[in-house]
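# Structural overview
These are the residues of each chain, in order.
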Amino acid sequence: MSNPILAFSATRRMRSFRTILTVTAYAGMLLLIAILMLKGMFGTSVTIQSMQQGVRCYLILTAAQFGLLVLIGPAMTSGAIAGERERQTLELLLVTNTRSFRIASGKMLESYAMLALLIVSGMPAMCLTVVVGGVSFSQVLVSMLFLLAVAFGTVCVGVFASACCRTSVRSGVMSYRIIALIAVITALPFIFGYPRNITDVVYDSQQYAALTKDGALKMIHPLLYCNPGFGLVALLQDQTSLLSGGSLENIPGFGTATMVQRTQYQQWGRLLCTYLMMDRAGGQSIALISSGAIAVAGSVLMGIATFLIRPRRKRVIGD
Amino acid sequence: MLKIEHLTKHYGTFPALQDLSLEIPERQLHGFLGPNGAGKTTTMRILATLMTPTSGRASVDGVDVVRKPHEARKLIGYMPDFFGTYDNLTCREYLDFYGRCYRIGAKERQRMADQLLELIQLGDKRDTYVDSLSRGMKQRLCLARSLIHDPKLLILDEPASGMDPRARADMKGILRTLREMGKTVLISSHILPEMSELVDSLTILNRGRLVLSEDVKSLAARMSGNAPLEIRLAEGCGEEAVDAVVVCLKELPGVAEILQPEPYLLQVRLEGGDEQCMQMLREMTARGLPVTDFHRIPMNLEQVFMEVTQDE
Ligand SMILES: Nc1ncnc2c1ncn2[C@@H]1O[C@H](COP(=O)(O)OP(=O)(O)OP(=O)(O)O)[C@@H](O)[C@H]1O
Ligand SMILES: [Mg+2]
């Protein structure tokens, strides 16, 4: 490790009790979910019911990790630069021969390594679903890669906000706002662009294709590809298509049999599933593209953050 | 070594520093004085490449700190007035960390860290967490940190604030050692008596302007040249004896003014040099007057400071 910021921040983090607590809580919570959902299914033969339950558990675990990473990422990075400002140590770094890019990237990589550790610590729980059936190990690996991409995005947003602000609290608030903004903006085409009038009669992509004028599958709006949440749903839908006939909502416990019983949220979920099914690219590709978009956006934010840390800059938020 | 030319810094429209020119030769301890808000920290931050001046130049060993900040940083060790430390890091790791930030090789880093910890007398605390050190110890550690890359110029902004008398004495010792090691030191402080003992030359700023910059020796000579003589008489020797001394003094040539701040203490302003002084002493002994102490009031930096920073 040639970056001292990375090496020493990591050392300090690993020495703090909070880190131990975070990892334990994260891994413990996921394991608890897995064990509660899958109890009584170990050591018996694989049945269609156990496979369905395994898939359900897998979906919940992956979504939970996604949510946790988005929550934890900014909280963990909010102090990266702003904390150094608060502690009055940033100037001590800036008068050394360490360029601001190394400071920004060191802080980012260190937080990223911590999130990666969390994701890896969630693996045992994820693998329990493989044992029960319905999910393959390679699928678990793919979703882990996707989560790693999401973690990268949140960490970059966090470091960017941290470079903008005087205090960690402000920077934390700012990163959650940025994430919310990204989520809403990239979801706009779905919110406004979905052909609502036909949703209730569409059950799968073939039907949808038959209904559209030219009879072919359509590309969904490129902006939507960049939404990590959509990427997640697309990935999970694609991975579980064998059991669900293509749509997540066909998995018992996720969709409901009759339309009348649907709540507003289930209705939205169904819309989303059908929408994603229409896509020519396929779920894994959507996930890949949104990962790519996250990586690009993250790198841009890191570039700006580097610029903001330079010694002679005048103002930061909170002056 | 350090050359400042017409340095000016405005915060918005507020002139914090105006046309400061200053030169400090190598191996000098240079004191940087001035009342609160005089612009000391501003100057030091510009020199430490943390801030750009509005106009003017400054160079260290010929390297311009404004145009070539990266090269200048290798030559400068900076200790700010306020600073923090990291938790969960030991003293050695702390120094090691900054050593790596200065891109020093592992062996060299280790050697320097050990040496510096000895220098600041924290050798036995090398494996203690920085967090658990006292404030004075942290300040010494921060001084060591600013030395880790063996800079030629040290810029210390109030390094002794908050230290107890013993720690300050230790700090003075450390600074003298550093001068012997060939470093040039620019140090700001508000503790004037200590500064006048320590530094070789000093600069006084007031409201962003230079009001005095002089060698301490020549300043002392200049100040004591016309400093009043203080004559203390034996306690309780009686008013008559005191009057006799005053009469004797009045008879002597060169005595311009006699003050009596205390019953048995006289202050004499003398026009003329050592010759008049010697004659006065001879005369008083010859007459058997009860003089117990006879000396020139030594240079008082505080007085100089008050005079030159007086606002019209
Ligand atoms: N960031 C800033 N923005 C605006 N004005 C500033 C800023 N920093 C300092 N000043 C002003 O510049 C002037 C000089 O400040 P500086 O900190 O250099 O004084 P100083 O000599 O170090 O004082 P002290 O002895 O209190 O440390 C002060 O009047 C101060 O109010
Ligand atoms: Mg100051």
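Residues numbered from 1 in each chain as written. Chains lettered and ligands numbered in written order. Predicted model: local features only at pLDDT ≥ 70, side-chain atom pairs only at ≥ 80, totals over all residues. Heavy atoms only, no water.

### Comments concerning the interface of chain A and chain B
Reports of interface size often rely on the accessible area that becomes lost once the parts have come together. The test is simple: Note on definitions: a residue-residue contact is assigned when non-hydrogen atoms from the two residues lie within 4.5 Å. Here, a salt bridge means any Lys or Arg side-chain nitrogen found within 4 Å of an Asp or Glu carboxyl oxygen. We call two N or O atoms a polar contact when they sit within 3.5 Å, provided that within protein one can donate a hydrogen and the other can accept it, with sequence-adjacent residues counted only if both atoms are side-chain atoms. Helix and strand definitions here come from DSSP, where helices need a minimum of 4 consecutive H or I residues and strands a minimum of 2 consecutive E residues; each element is numbered from the N-terminal end. Gly falls in the polar group here, along with every residue not listed as nonpolar (Ala, Val, Leu, Ile, Met, Phe, Trp, Tyr, Cys, Pro) or charged (Asp, Glu, Lys, Arg).
Chain A puts 26 residues into the contact, and the matching count from chain B is 35 residues. There are 3 salt bridges connecting chain A and chain B. Where chain A packs against chain B, one counts 14 residue pairs in polar contact (both at pLDDT 80 or more). Looking at the side of chain A that touches chain B, the elements that each hand over two or more residues are α1 (4-15), α4 (79-87) and α5 (90-94) of chain A. Of the residues forming the side of chain A that touches chain B, the biggest block, 6 residues, is contributed by α1(A). Tallied by class, the residues present in the side of chain A that touches chain B amount to 10 nonpolar, 8 polar and 8 charged.

### Brief notes about the site of ligand 1
All names here are of chain B. Put simply, the rule is: Nearness is defined per residue: one heavy atom within 4 Å of the molecule or strand is enough. For every accessible area listed, the method is Shrake-Rupley and the probe measures 1.4 Å; residues are considered covered only by the protein chains on display.
In the region of ligand 1, the neighbouring residues are Tyr11, Phe14, Ala16, Asn36, Gly37, Ala38, Gly39, Lys40, Thr41, Thr42, Glu158 and His190. Measuring from an oxygen atom of ligand 1, one finds a side-chain N or O atom of Thr42 at 2.5 Å. A total of 640 Å² of accessible area belongs to ligand 1 in isolation, and the protein chains cover 60% of it. Broken down by secondary-structure element, the contributors of at least two residues to the shell around ligand 1 are β2 (14-24) and α1 (40-47).

### Some thoughts on helix α2 (residues 17-38) of chain A
Residues and elements named next belong to chain A. Put simply, the rule is: Helix span is expected to be 1.5 Å times the residue number reduced by one. Type-normalised accessible area, obtained with a 1.4 Å probe on protein chains alone, sets the label of each residue: buried when under 20%, exposed when over 50%, and partly exposed for intermediate values. Working note: the arc is built from the helix axis to C-beta atom directions.
End to end, α2 covers 31 Å across 22 residues, agreeing with the expected 32 Å (1.5 Å per residue, within 8%). Among the residues of α2, those classed as buried are Thr19, Val23, Tyr26, Ala27, Leu30, Ala34, Met37 and Leu38. Projected down its long axis, α2 shows its buried positions confined to an angular sector of 110°, all on one face. Exposed side chains of α2 directed beyond 90 degrees from the buried face belong to Phe17, Arg18, Thr24, Leu32 and Leu36. Elements that come into contact with the buried residues of α2 comprise α1, α3 (48-77), α6 (100-121) and α7 (123-132).

### Remarks on the layout of surface pockets
By rolling a water-sized probe across the atoms, one finds the places where empty space is left. Residues and elements named next belong to chain A. Convention followed: Throughout, the protein atoms alone are placed on a 1 Å grid, and a set of points is a cavity if a 1.4 Å probe fits but cannot get out or a pocket if it is open with protein on both sides within 12 Å along at least five of seven lines; lining residues have an atom within 4 Å of a point. Grid points are joined across faces, edges and corners, and a volume is the space filled by probe spheres set on the points.
Its boundaries defined by the atoms lining it, the second largest pocket holds a volume of some 610 Å³. For the second largest pocket, the lining is made up of 25 residues, of which Arg12, Arg13, Arg18, Met76 and Arg87 are closest to its centre. Mapped by element, the contributors of at least two residues to the lining of the second largest pocket are α1, α2, α3, α4 and α6. Taken together, the residues of the lining of the second largest pocket break down into 5 nonpolar, 11 polar and 9 charged.

### Re empty space enclosed by the protein
This model, assessed by the stated rule, comprises 2 cavities of 30 Å³ or more. Taken together, 13 residues form the lining of the largest cavity, with Ala160(B), Ile187(B), Ser189(B), Glu194(B) and Leu198(B) sitting closest to its centre. Elements that contribute at least two residues to the lining of the largest cavity include exactly α6 (165-180), β8 (184-188) and α7 (192-198) of chain B. No other element matches the 4 residues that α6(B) contributes to the lining of the largest cavity. Grouping the constituent residues of the lining of the largest cavity by class yields 8 nonpolar, 2 polar and 3 charged. Here the second largest cavity is characterised by a volume of approximately 60 Å³. Around the second largest cavity sit Ile5(A), Phe8(A), Ser9(A), Arg12(A), Glu84(A), Leu93(A), Lys107(A), Tyr86(B), Leu89(B) and Phe97(B), which together line it. Here the lining of the second largest cavity is composed, by residue class, of 6 nonpolar, 1 polar and 3 charged.

### Overview of the sheet that holds strand β11 (residues 229-233) of chain B
Residues and elements named next belong to chain B. The following threshold applies: For two strands to be treated as a pair, DSSP must find no fewer than two bridges joining them. For every element, the axis is a line fit to its C-alpha atoms; helices are fit only across the contacting stretch, and the angle between N-to-C directions ranges from 0 to 180 degrees.
As summarised here, the arrangement of the 4 strands in space is β12-β13-β11-β14, forming an open sheet in which the pairing is antiparallel. Taken across any chain shown, the strands that pair with only one partner, and hence form the sheet edges, are β12 (255-262) and β14 (291-296). Strand-to-strand twist across the sheet, computed as the mean angle between neighbouring axes with direction ignored, equals 20°. In terms of strand pairing, β11 meets strand β13 (residues 265-270) through 4 bridges, oriented antiparallel. Note that in β13 the partner of Arg232 across the bridge is Leu265. Together, β11, β12 and β13 form the strand contacts of helix α9 (residues 239-251), whose direction differs from that of β12 by roughly 160°.

Everything listed here is a matter of geometry and, on its own, says nothing about what the molecule does.
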